[in-house]
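Observations on the model geometry
So the chains spell out like this:
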Amino acid sequence: MTISQEVQNMCPVAQGVAHGAAPIPEEAKWVQAKQISDISGFTHGVGWCAPQQGACKLTLNVKEGVIQEALVETLGCSGMTHSAAMASEILPGRTILEALNTDLVCDAINTAMRELFLQIVYGRTQSAFSEDGLAIGAGLEDLGKGLRSQVGTLYGTLQKGPRYLEMAEGYITKIALNEDDEIIGYKYINFGKMMDFIKAGDDANVAMEKASGQYGRVGDAARLIDPRKE
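Here's a quick rundown of the structure. Given the structure is predicted, the values throughout are model-derived calculations rather than measurements.

**Brief notes about the nonpolar core**
Grouped together as the largest cluster of nonpolar side chains are 25 residues, with contacts concentrated most on Cys56, Leu58, Leu60, Val72, Leu91, Ile109 and Met113. Mapped by element, the contributors of at least two residues to this core are β4 (55-63), β5 (66-75), α2 (78-90), α3 (96-100) and α4 (107-121). Counting residues per element, this core draws most heavily on α4, which supplies seven residues. Look past the residues within four positions of Leu91 in its chain and what remains in contact with it is Leu58, Leu60, Ile67, Ala70, Val72, Ala99, Leu104 and Met113.

In structure tokens form, the structure reads like this:
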């Protein structure tokens, strides 16, 4: 390396303080992280693109600096779904430093990776105090048995009020209103369960009926409306 003449002319002074890196919590251990292989953790983060057209929720399971598992969920932008497909191939097997400096195709996914990197290297992971961390496959548990993202789609106008379109339970088919036209419940179809029934051999109409449910005081409703048509 090149050293300036000014520095070369300085007299040497000993560096007396050498406590090392502050330890961070990792999988129920306190670790003085000095290199990428010292880092382990399971965590989530959200990223967004510059025009904020869409968002990405990224979940990573890191063991000894290497990404073992990646769950990429996107919202609000059609192109992001294809970017997420590529990112799901790119991320596993890379170190977190490689992943941070790799083009993950979509700016929202890149931003999510940046946010996760900060959490992981500062010891702010979900598994910080879990002995041995979380098993590979823990990311899928976020999706539930239907292996579908938890999505909420709600719309409202001043003129006509709210419309529930999709909730954690599933696709909303009917909104239950009381005598004052206030929402008191809703009916829904759980698409994950519906597809499982169809794959098991059920007729589509039978599967839809078996995957249907309701929440709230639907039985007390003065009327039911279709949120997409009325």
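Next comes the rest of the write-up.
**Considering the pattern of salt bridges**
In the structure shown here, the tally under the stated rule is nine salt bridges. Asp142 serves as the salt-bridge partner of Lys57, at 3.6 Å between the closest nitrogen and oxygen. Of the two residues, Lys57 is situated in strand β4 and Asp142 in the loop between α5 (138-141) and β6 (153-157); the sequence distance between them amounts to 85 residues. By relative accessible area, which is 27% here, Asp142 ends up partly exposed. Ionic pairing is found between Asp220 and Arg217, a salt bridge with its closest N-O pair at 3.6 Å. A residue is classified by how much of its surface remains accessible, and Asp220, at 48% relative accessible area, is partly exposed. The network of salt bridges with shared partners includes Lys57, Glu73 and Asp142.

About the thresholds
- Residues numbered from 1 in each chain as written.
- Predicted model: local features only at pLDDT ≥ 70, side-chain atom pairs only at ≥ 80, totals over all residues.
- Heavy atoms only, no water.
- Core = buried A, V, L, I, M, F, W, Y, C linked by side-chain atoms within 4.5 Å.
- Buried < 20%, exposed > 50% of the residue type's maximum accessible area, 1.4 Å probe, protein only.
- Helix = DSSP H or I, 4+ residues; strand = E, 2+ residues; numbered from the N terminus.
- Contact = heavy atoms within 4.5 Å.
- Salt bridge = Lys/Arg side-chain N within 4 Å of Asp/Glu carboxyl O.

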